[in-house]
Structure formats: C-alpha cells, structure tokens
2 protein chains.
Amino acid sequence: MARPREHSAEELRELALSAAGRLLDEQGIEALSARRIAAAIGYSAATLYSVFRNLDDLCWHLNAQTLGQLHAALGAVGGSEPRAQLHAYAAAYVAFARAQPQRWSLLFEHRTSPGVDIPDWLGASIERLFERVEAPLRALAPAASEADIRLQARTLWGSVHGLAVLQQRGKLFLSGDQASLRMLPTLVDQYLDGWLSARGELR
Amino acid sequence: MARPREHSAEELRELALSAAGRLLDEQGIEALSARRIAAAIGYSAATLYSVFRNLDDLCWHLNAQTLGQLHAALGAVGGSEPRAQLHAYAAAYVAFARAQPQRWSLLFEHRTSPGVDIPDWLGASIERLFERVEAPLRALAPAASEADIRLQARTLWGSVHGLAVLQQRGKLFLSGDQASLRMLPTLVDQYLDGWLSARGELR
DNA sequence: AAAATTACTAAACAGTGTTTACAAAGTAAA
DNA sequence: TTTACTTTGTAAACACTGTTTAGTAATTTT
C-alpha cells in the first residue's frame, strides 16, 4: 500500500554485510563507517539503521559470517587419528587468523559499548569451537570425565588462541617469522603429553 | 627569552599521562579523547600535540607505563622452586589482566594506524616479559639448548596470554567464573610435564 | 483525484583527531 | 621605558564519525 522497497530488508542486510566485508578486507577496520558502507551499496547511511540496530550490530553480523567461515575451515580438516586431528585444528585456526587478519581481529577486538553484551547466538557459535576440540580429546582419553574434557578443551584451545593472537601482533612479540609455526605443534604435543602421561594413557 | 612555560615539556607529558590513565581506569577507552585529557589538566587539546606526536603516541606511552606496572607485579612474585615460580608468574599475569582490565586491553588491543609499527622501546619491553620466563625454564632443564628455552618460553607464555585474553572476554567463552583459575595451573603443569618428560628430566 | 502509507534521504547534532592562524605574555635590546 | 622579538597556548576550522529526525518523494488504496 505504499512505495515498494528497492530491495527487501533481507536483501539490504545481505548487501550491506557483503559491502562491509569487502571494505574490511581491502581497507581495514577504519574503513567500516556507516557512510562508506551505505555509499558502497548506493544507499544513504540512515538507511542502514532500518536493518541494523546500529553499527555495532552490523559488526556482530559480520562476525557471525566470520565465525561461519572459521567453522567451515575447521570442518574441512580431515582427521584420522585424534592427535593428528587436534594438530590440524590448531594449524587451521592459526592459518585462518593469518589469512583473514582483518576479519579475525574484528572478531576478537571489536569493543562493544560498555554494558552491552555479545548476543547469545554469537556466544553459542563460539562455544561450538570448543566443542569441536572435545571429540578428539575424548578419543584420546576415553576414561576421562566430561568435566575434565571440557576443562582440557578450553585450556588447550585458549592457549592455541593465545599463539594466534601473538602471531597477529607479529614482529613485536616473536623474532622469527615461522616461530609460531614451530610453537604450535610444540604446544599441542607437550600439552597432550602432559595430560595423558598424568592419566597414564600416553603411548 | 620569551614567555615561560606553565609546566616544562616533561611535566606536561607526565600530567597528561596521569590524567589519561585516570580517565582510562574510570571511564574506559572511549574516554581517551584529546579534548578530555587536555581539559583534565587545564590545557587545550592542541597543546597535547606539542608533547606527543599524536594520540596514538600518547597511548603508547600509557602502554609503557602499564608494562612497567606489569613488570613490577611480576618482579614481586617470590619464587623458590622454578616450577612454583612459573605458576606464580602465570597467576600474577592473569591477575594483572583481571585487576587492570582497561589498561591491559589498551596494551593489547590498541590498534595503530596500518603501516605504523609499534615503537622499538615498547617491543623491547615486551621481549623482557618472555625473558623472565626463560630463567625458571633453564633451571628446570639445564641441558636444554638456548634455542629450545626461547621456544618453550614463548610458547608457554603465549598460551598463558591466551587464557588471559579469553578470561577478559569473560562470560562468552567460559561458563564458570573461576574456570580460568583452574585452567591456568592445568596448562602450566601439563605443558611442563610434556616438555620435561620428553627430555627425560621429569621428576 | 485525494488520502494514506511507506522508503529513503538531507541535514542536524554532538562528538572525534589534527592543523593552523593568531593572541597573549614574557624577555631582550634600544 | 619603549620597542622588537620569541615562545606558549588556544580558538577555530576541517574533515571526519555514529545516530536521530524531519521531511520529500513514490506508490497504493480509497
């Protein structure tokens, strides 16, 4: 009963997100402004506010996309043996951070206004990252309690994450360039060895 | 031979930094604007640019202060046995991140303009963090090569850093509140066990 | 044809970092 | 003492930012 939309709300969201993703990849976080995103899809900045609550909201949706890509990347690693699977996960995780530096840093450095919490669906998606790691851990130590598996998964993955963070901060922290490549298997192997030997399941 | 300064350049830097630190602690990163910092010390924003290259530069100096505090906190941990010392370092590191959330996140999340690298003196101060960890590691495995010690120190510290990062991102990543408290000794112990048992030096 | 409804935007507001032209204040020379 | 010089510090401008609002233009319904 009134002027029809140029694009549906869904389409608009999609357009804005893909334009924002392109801007992010090509020009970095600084380029993510309402006016620039809008201009890239031929709309005015104000229109974005009809499909996103604010720019933070748009960033969360961008982060959801990124998490999807990360899940896809992790899903693609072929795993025969559990330990090899964990190595592959860790390598894929760090490789993703290296290949998508802008998206990855938006994912973990995007500061929301104080008091505003991360949306639930995003937290749940992050939780799934940890769960991925739990399966191989269970296979490695079938007798371990679920609580221990959860703890081990989060500890191991958190520490892998730490290496990814330091890798991104790059030259400042690690002297050599391939340093993080050597660090990663060292971390995973030694951590698992320590865990399994304590459990008497090392072989 | 001209109008004397109200405060010397050194004093001004000092004043601005302490005002900025106060703003940061009390109102968060968002409050770190040139006009607000300047107003807090009774100057205009433009005056800040006579003692700092830009606001990024001011932030780096703030980060240098923070690193100083962090070094002090780590220096205060009494260490008898090497393994206990490493535990104490890790606990102090994570405790610092928890006690000074704003300063800590400015330290690691402060995005500099692309192409602008972190100043050398700041990188050197970060390097000293790693070196702190090397000493106990050397004591644990006197026969280990220097290269291995360096690798182990950076891997272990990087992973501790990862847990600190996830702790700060808080509720989203870890369900329980004291989860990171249990994760930390688990990580350190298992990592060391894995390393030492591979070297045949575990006892 | 008139009325109603919706899509979209221009413009405003309050803020940001940073630069620049300038006034004010003091010292040094005359 | 007056003039010249030098330096400090700032107001104001510029080009941005996120966000809101008032209003126009386009379309459908009556």
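All of these numbers come straight from a predicted model, not from anything done at the bench.

Conventions adopted
Residues numbered from 1 in each chain as written. Chains lettered and ligands numbered in written order. Predicted model: local features only at pLDDT ≥ 70, side-chain atom pairs only at ≥ 80, totals over all residues. Heavy atoms only, no water. Helix = DSSP H or I, 4+ residues; strand = E, 2+ residues; numbered from the N terminus. Buried < 20%, exposed > 50% of the residue type's maximum accessible area, 1.4 Å probe, protein only. Contact = heavy atoms within 4.5 Å. Areas by Shrake-Rupley, 256 points an atom, 1.4 Å probe, with all protein chains shown as cover. Lys, Arg positive; Asp, Glu negative; His and termini not counted. Charge placed at Lys NZ, Arg CZ, Asp CG, Glu CD. Least-squares fit on C-alpha atoms with pLDDT ≥ 70 in both. UniProt positions renumbered as here; feature names shortened; annotations may be inferred. Near = heavy atom within 4 Å. Polar contact = N/O pair within 3.5 Å; in protein donor to acceptor, adjacent residues only side chain to side chain. Expected span 1.5 Å × (residues − 1). Salt bridge = Lys/Arg side-chain N within 4 Å of Asp/Glu carboxyl O. Nonpolar A, V, L, I, M, F, W, Y, C, P; charged D, E, K, R; others polar.

With respect to the overall build of chain A
When helices and strands are tallied, chain A shows nine helices and zero strands. When its helices and strands are written in sequence order, chain A yields α-α-α-α-α-α-α-α-α. Projected onto the principal axes, the alpha-carbon positions of chain A cover approximately 70 × 40 × 35 Å. Buried residues in chain A amount to 50% of all 203 residues. Sequence-distant contacts, at least 24 apart, represent 71% of the contacts inside chain A between residues at least 6 apart. Accessible surface, chain A as shown: approximately 9500 Å² in total, 53% of it carbon and sulfur. Each charge class in chain A was averaged separately, 21 positive and 22 negative side chains, and the resulting centres sit 3 Å apart.

A few points about the relation of the copies chain A and chain B
The second copy of the chain is related to the first by a rotation about an axis and a shift along the axis. In screw terms, the move from chain A to chain B is a rotation of 180° and a rise of 0.0 Å along the axis, fitting with an RMSD of 0.1 Å. One copy is carried onto the other by what is essentially a two-fold rotation axis. A share of 100% of interface residues in chain A that are also interface residues in chain B marks the association as one of identical surfaces.

Focus: the UniProt feature "DNA-binding region" (unreviewed entry) in chain A
Feature annotation in UniProt assigns "DNA-binding region" (unreviewed entry) to the following positions: residues 33-52 of chain A. Here residues 33-52 of chain A runs as 55% helix and 0% strand, with 13 Å between its end C-alpha atoms.

Some remarks on the protein's contact with DNA strand D
Close to DNA strand D lie 24 residues; A:Y49, A:L55, B:R3, B:R5 and B:T47 are nearest. In DNA strand D, atoms within 4 Å of the protein come from the sugar-phosphate backbone in 66% of cases. One nitrogen or oxygen atom from the main chain of A:A34 is found 2.9 Å from a phosphate oxygen belonging to DNA strand D. Elements with a contribution of two residues or more to the surface near DNA strand D: α2 (34-40) of chain A together with α3 (45-48) of chain B. Looking at which element gives the most residues to the surface near DNA strand D, the answer is α2(A), with three residues.

A word on the environment of A:H87
All names here are of chain A. Checked against the element boundaries, H87 lands in helix α5 (residues 82-99). Between the alpha carbons of H87 and L163 there is a distance of 14 Å; along the sequence they are 76 residues apart. Discounting residues that sit within four places of it in the chain, H87 has contacts with P185, V188 and D189.

As for helix α7 (residues 120-140) of chain B
Spanning 21 residues, α7(B) covers 31 Å between terminal C-alpha atoms, matching the ideal 30 Å at 1.5 Å per step. All of the buried residues in α7(B) are B:L122, B:G123, B:S125, B:I126, B:E127, B:L129, B:F130, B:V133, B:E134, B:P136, B:L137 and B:L140.

A few points about the interface of chain A and chain B
Contacts between the two partners involve 39 residues from chain A, matched on the other side by 39 residues from chain B. Joining chain A to chain B, the criterion identifies zero salt bridges. At the boundary of chain A and chain B, one finds four residue pairs in polar contact (both at pLDDT 80 or more). Breaking the side of chain A that touches chain B down by element, the ones donating at least two residues are α6 (101-109), α7 (120-140), α8 (146-168) and α9 (179-199) of chain A. Top element by residues in the side of chain A that touches chain B is α8(A). It accounts for 12 residues. Its residues assigned to classes, the side of chain A that touches chain B comprises 16 nonpolar, 13 polar and 10 charged.

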